[in-house]
Amino acid sequence: MEDYIVRATAGDAQIRAFAATTRVTVETARTLHDLSPVASAALGRLLTGGVMMGSMLKGDTDLLTLQIMGDGPIGQITVTTDSSGNVKGYVNNPSVMLPPNKMGKLDVSGAVGNGFLRVIKDMGLKEPYSGQIELQSGEVAEDLTNYFASSEQIPSSVGLGVLMNKEDMTVKQAGGFIIQLMPFASDEIISKLEDNLSNINSVTKMLEDGHTPESMLEILLKGLDLKITDTLPVRFHCNCEKARVEKAIVSIGKKDIN
């Protein structure tokens, strides 16, 4: 299955929703950067969350950058995406290795540590918009949920997951969702959504069970009159090229190059 995002509304437009499958994108990042399993999970979650947030941008040239700056062994995690489903990213320490957490899963929180999440939106204005919050858990999804609530005042639920193949440590599943309530959402809609969210499995469990982004939203928004508005292809894409790098190197001068 190729990677893509589904965009939707529900509850008579009182809810907007996004769901994505990103296995190929995360596997591409793992291969290019030679990522360890925990680095694959950490970067993969931020790539997935970032590309869905990028699909919220309005302009064709708008860019979104997410930076997780923690004091854990993985160092900084950076993801940049546009409004067309192109996303790229890296971690400072791609080879970080940690034992599983107490639930027997990849310890993304331990790799990230304590620190900050920064969100930068470049929408062609004089200065990019920048928002920053303190990390709550380092698990990425919870921190993005907190960012939406505290910096953008949008009640949201974010779910992200990356599952690795135990045999060869390639990416087996990756994806996620973002569900957001509009300011005029009724108590009835909010209550129904909260009930649905309380009964779901993890993102990776849903993907392992064969669910697509569309069917994930059908579960998350059951009984809320889901309306799929469009789909958007997703790919790991870096716009760097040799000529661009050469130009940057030349600009710093012979003395500094030496």
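One can find the structure itself at the top, above this paragraph.
Description of the structure in this document. Per chain, residues are indexed from 1 in the order of the written sequence. Local features are withheld for residues below a pLDDT of 70 in this predicted model, meaning they are given only at 70 or higher, and side-chain atom pairs are given and counted only at 80 or more; totals for whole chains, interfaces and linings count all residues. The side-chain values count all of the structure's non-hydrogen atoms but skip hydrogen atoms and water molecules.

What follows is about helix 8 (residues 242–251). To sort residues, take the accessible area from a 1.4 Å probe on protein chains only and compare it with the maximum for the residue type: under 20% means buried, over 50% means exposed, and anything in between is partly exposed. Secondary structure elements are taken from DSSP: a helix is a run of H or I of four residues or more, a strand is a run of E of two residues or more, and numbering for both begins at the N terminus. Burial analysis of helix 8 places just zero of its ten residues in the buried class, a small minority of the element. After helix 8 finishes, the residue G253 shows a positive phi value of roughly 90°.

Let's shift gears to the sheet that holds strand 6 (residues 115–122). Across the sheet, six strands lie side by side as 7-6-3-4-5-11; this open sheet has mixed pairing. Sheet topology places strand 7 (129–134) and strand 11 (235–236) at the edges, where each strand pairs with a single neighbour. As paired strands, strand 4 (residues 77–82) and strand 5 (residues 86–91) are joined by five bridges and run antiparallel to one another. When the bridges of strand 5 are listed, T78 appears paired with Y90. Across the sheet, helix 4 (residues 141–151) lies against strand 3 (63–70), strand 6 and strand 7, angled at about 120° from strand 7, the strand it touches most. Two strands pair under a simple rule: DSSP has to find at least two bridges between them. We call two residues contacting when some pair of their heavy atoms lies within 4.5 Å. Every axis corresponds to a line fitted to the C-alpha atoms, with the helix fit spanning only the stretch in contact, and the corresponding angles, defined between N-to-C directions, vary from 0 to 180 degrees.

Considered for burial, the residues of helix 1 (residues 23–33) that qualify are T25, V26, E27, A29 and R30. Looking one or two places after helix 1, you find D34, whose phi comes out positive at around 50°.

Time to look at the pattern of salt bridges. Pairing is possible between side chains of opposite charge, provided their charged atoms come close. Between Lys or Arg on one side and Asp or Glu on the other, a salt bridge is scored when a side-chain nitrogen of the former is within 4 Å of a carboxyl oxygen of the latter. Applying the stated criterion across every chain, the model contains seven salt bridges. Among the ionic pairs, E27 bridges to R30, the shortest N-O distance being 2.8 Å. With E27 and R30 both in helix 1 and three residues apart, the pair spans about one turn of that helix. Grouping residues by exposure puts E27 and R30 together as buried. Between K172 and E208 there is a salt bridge, and its shortest N-O distance comes to 3.1 Å. Residue K172 is found in strand 9 (residues 171–181), and its partner E208 is found in helix 6 (residues 203–208); the two are separated by 36 residues along the sequence. Given the relative accessible area of 33%, K172 is considered partly exposed.

Now for the nonpolar core. Definition used in this section: a nonpolar core is a set of buried Ala, Val, Leu, Ile, Met, Phe, Trp, Tyr and Cys residues joined via side-chain atoms within 4.5 Å. Ranked by internal contacts, the top residues of the largest apolar core, which has 49 residues, are M53, I74 and I77. In terms of residue count, helix 2 (residues 37–54) provides more of this core than any other element does, ten residues in total. Excluding anything up to four places from it in sequence, M53 contacts L64, L66, V119, L144, Y147, F148 and I178. With 21 residues, the next largest nonpolar core counts A8, A10, I189 and L217 among its residues.

So, about the pairing of strand 3. Here six bridges tie strand 3 to strand 4, and the two strands are oriented antiparallel to one another. Residue L63 lies in a different strand from strand 4, and its bridge partner there is D82. Remark: six residues form the turn of the hairpin made by strand 3 and strand 4, two consecutive strands paired antiparallel; G75 in that turn has positive phi of roughly 75°. As paired elements, strand 3 and strand 6 share eight bridges and run antiparallel to each other. Of the residues in strand 6, the one forming a bridge with L63 is D122.

On to the packing of helix 1 against helix 2, then. In contact at an axis separation of 9 Å, helix 1 and helix 2 are set at 135° when each is read in the N-to-C sense. Compared by their axis directions, helix 1 and helix 2 come out oblique. The way helix 1 lies across helix 2 gives a crossing that is right-handed. The segment helix 1 lies against helix 2, with V26, A29, R30 and H33 engaging S40, L43, G44, L47 and T48. Residue classes in the contact of helix 1 with helix 2 are distributed as four nonpolar, four polar and one charged. Any angle from 65 to 115 degrees is called roughly perpendicular, while one under 35 is roughly parallel, one over 145 is roughly antiparallel, and all others are oblique. Note: crossing handedness is left-handed where the near helix turns anticlockwise from the far helix by less than a right angle, and right-handed where it turns clockwise. Note that Gly is not counted as nonpolar here; it falls among the polar residues with everything else outside the nonpolar set of Ala, Val, Leu, Ile, Met, Phe, Trp, Tyr, Cys and Pro and the charged set of Asp, Glu, Lys and Arg.

Okay, the sheet that holds strand 9 next. The strands making up a sheet associate through backbone hydrogen bonding, with each pair oriented either parallel or antiparallel. Spatial ordering of the open sheet is given by 8-9-2-1-10, a layout of five strands whose pairing is antiparallel. Sheet topology places strand 8 (156–164) and strand 10 (227–233) at the edges, where each strand pairs with a single neighbour. When strand polarity is set aside, the average angle formed by the axes of neighbouring strands in this sheet is 10°. As judged from the nine bridges shared by strand 8 and strand 9, these two strands associate in the antiparallel manner. Bridging from a neighbouring strand, L160 pairs with G176 of strand 9. Of the strands in this sheet, strand 1 (4–10), strand 2 (15–21), strand 8 and strand 9 are in contact with helix 2, which crosses strand 8 at around 140°. Sheet strands touched by helix 4: strand 8 and strand 9. Its angle to strand 8, the strand with the most contacts, is close to 160°.

So far we have only geometry, and geometry alone does not tell us how the molecule works.
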